[in-house]
2 protein chains.
Amino acid sequence: MDYQSYVPMLKAMADPNRLKIIDLLSCGTLCACDILTHFEFSQPTLSHHMKVLQQAGIVTAQKVGKWQHYTLKPAFVIAFLQDTKQLLANDADCICHDGSCDNCQDQATRKDVITK
Amino acid sequence: MDYQSYVPMLKAMADPNRLKIIDLLSCGTLCACDILTHFEFSQPTLSHHMKVLQQAGIVTAQKVGKWQHYTLKPAFVIAFLQDTKQLLANDADCICHDGSCDNCQDQATRKDVITK
DNA sequence: CTAACAGATAGACATTTATCTATATGTCTA
DNA sequence: TAGACATATAGATAAATGTCTATCTGTTAG
């Protein structure tokens, strides 16, 4: 599979504060000051986290007057779920390349879990 | 949502080499020496990465003679996909707690993406 | 029993990262 | 135009992390 975009997404998500930000934004667009009310850290720290999320392609920013509006990118939601399913699926994309390795067993079971 | 197990999983996955190990194991059980052939780093480094994956609940180890057999935990596959869907879903579990915030819009669209 | 092999542990080191304070930039309002 | 407000940037620092070499433990085979 292609790790080029998936790994940066995982890195950006692998921080409890940023994960909570994503959770907040899964609700919809929020400005920085609204997000900040949910945390104990400082405003520059939030600014840093938002930059990380943007660079990972998770969030977009739109300036409206004084406010910076942050939105979860639909493309991220789609890509992250697809990449995750592809990673954990034991299917034709198995790294053994031909699906014939001794380890390519229990495919049906794994697929059940992933597609349901 | 509950970040207690999800964040450590994300942390463990957010390294390109460990992600490749997970990809390899999504094929099925492998011993350490087999995994090592796919990488440039040293044996102690692999040992370190496998420990991280175990502590995150992603992988189980079983010693068979000299060999350590590593397997992707089915519970991880299930939990990680569920947590991911719950995080990215814009549903009743929205952090606003009552689904009534101004931002709770476009729910139908997001849900389409996640459940299909 | 000894040597070879698989893997784990210890400790060091360079890099990354999450955070802070101080300050700068940009925007609105009185 | 001045001041208040929202956000970004700069620079510092402590902690975490990925990697290495050296060494240790445990298992198998001769």
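Not measured: the values here are computed from a predicted model.

On to the protein's contact with DNA strand D, then. What surrounds DNA strand D is a group of 22 residues, the closest being Cys33, Gln43 and Ser47 of chain A together with Thr45 and His49 of chain B. Counting only the atoms of DNA strand D that lie within 4 Å of the protein, the sugar and phosphate share comes to 67%. Note that a phosphate oxygen of DNA strand D is positioned 3.0 Å from one of the side-chain N or O atoms of Tyr70 of chain A. A distance of 2.7 Å separates a phosphate oxygen of DNA strand D from a polar atom in the side chain of Thr45 of chain B.

On to the protein's contact with DNA strand C. Taken together, the neighbourhood of DNA strand C is formed by 23 residues, with Thr45 and His49 of chain A together with Cys33, Gln43 and Ser47 of chain B sitting nearest. When atoms of DNA strand C within 4 Å of the protein are sorted by moiety, sugar and phosphate together comprise 69%. Residue Asn17 of chain A places a side-chain N or O atom 2.9 Å away from a phosphate oxygen belonging to DNA strand C. At 3.3 Å from a phosphate oxygen of DNA strand C is found a main-chain nitrogen or oxygen belonging to Ala32 of chain B. Residue assignment for the surface near DNA strand C shows that the elements contributing at least two residues are α2 (16-25) and α4 (43-55) of chain A together with α3 (32-36), α4 (43-55) and β3 (67-72) of chain B.

Below, the discussion takes up the sheet that holds strand β1 (residues 30-31) of chain A. Residues and elements named next belong to chain A. Spatially, β1-β3-β2 is the arrangement adopted by the three strands of the open sheet, whose pairing is antiparallel. Because the sheet does not close on itself, it has two edges, and the strands there are β1 and β2 (59-64). Here six bridges tie β2 to strand β3 (residues 67-72), and the two strands are oriented antiparallel to one another. Residue Val59 lies in a different strand from β3, and its bridge partner there is Leu72.

Among the eight residues of helix α1 (residues 6-13) of chain B, six are classified as buried, and the element is accordingly described as predominantly covered. Restricting attention to buried positions, one finds in α1 of chain B the residues Tyr6, Val7, Met9, Leu10, Ala12 and Met13 of chain B. In this fold, the buried residues of α1 of chain B make contact with α1 (6-13), α2 and α5 (74-88) of chain A together with α2 (16-25), α4 and α5 (74-88) of chain B.

What follows covers the sheet that holds strand β2 (residues 59-64) of chain B. Residues and elements named next belong to chain B. Judged by pairing direction, the sheet is antiparallel, and its three strands sit side by side in the order β1-β3-β2 without closing on themselves. Pairing within the sheet leaves two strands with one partner each, and these edge strands are β1 (30-31) and β2. In terms of strand pairing, β1 meets β3 through two bridges, oriented antiparallel. Counted as the bridge partner of Leu30 is Tyr70 from β3. Taken strand by strand, α2 contacts β1, β2 and β3, and its axis lies near 85° from that of β3.

Now for α4 of chain B. Residues and elements named next belong to chain B. If you check α4, its first and last C-alpha atoms are 18 Å apart, about what 13 residues at 1.5 Å a residue would give, namely 18 Å. If you check which residues of α4 are buried, you get Leu46, His49, Met50 and Leu53. Down the axis of α4, the buried side of the element spans an arc of 100°, and every buried residue falls inside it. Facing away from the buried side of α4 by over 90 degrees, the exposed positions are Pro44, Lys51 and Gln55. Against α1, α2, α3, β2 and β3 lie the buried residues of α4. Gly57 lies just past α4 and shows a positive phi near 75°.

Our next topic: the side chain of Arg18 of chain A. Residue and element names in this part refer to chain A. For Arg18, the location among the structural elements is in helix α2. In this structure Arg18 is buried but unpaired, with Asp15 as the nearest side chain of opposite charge at 4.7 Å. At 3.5 Å, the side chain of Arg18 forms a polar contact with the backbone oxygen of Lys11. In contact with Arg18, not counting residues within four places along its chain, are Lys11, Ala12, His48, His49, Val52 and Leu53.

On to the environment of Thr71 of chain B. Residue and element names in this part refer to chain B. The residue Thr71 is located in strand β3 in this model. According to the relative accessible area criterion, Thr71 is partly exposed, its value standing at 29%. Beyond its immediate chain neighbours, meaning those up to four positions away, Thr71 contacts Thr29, Ile58, Val59 and Thr60. Within the structure, the side chain of Thr71 is placed 2.7 Å from the side chain of Thr29, a separation counted as a polar contact.

What counts, and at which threshold
- Residues numbered from 1 in each chain as written.
- Chains lettered and ligands numbered in written order.
- Predicted model: local features only at pLDDT ≥ 70, side-chain atom pairs only at ≥ 80, totals over all residues.
- Heavy atoms only, no water.
- Near = heavy atom within 4 Å.
- Polar contact = N/O pair within 3.5 Å; in protein donor to acceptor, adjacent residues only side chain to side chain.
- Helix = DSSP H or I, 4+ residues; strand = E, 2+ residues; numbered from the N terminus.
- Pairing = 2+ DSSP bridges.
- Buried < 20%, exposed > 50% of the residue type's maximum accessible area, 1.4 Å probe, protein only.
- Contact = heavy atoms within 4.5 Å.
- Axes fitted to C-alpha atoms, helices over the stretch in contact; angles between N-to-C directions.
- Expected span 1.5 Å × (residues − 1).
- Arc of directions from axis to C-beta.
- Lys, Arg positive; Asp, Glu negative; His and termini not counted.
- Salt bridge = Lys/Arg side-chain N within 4 Å of Asp/Glu carboxyl O.

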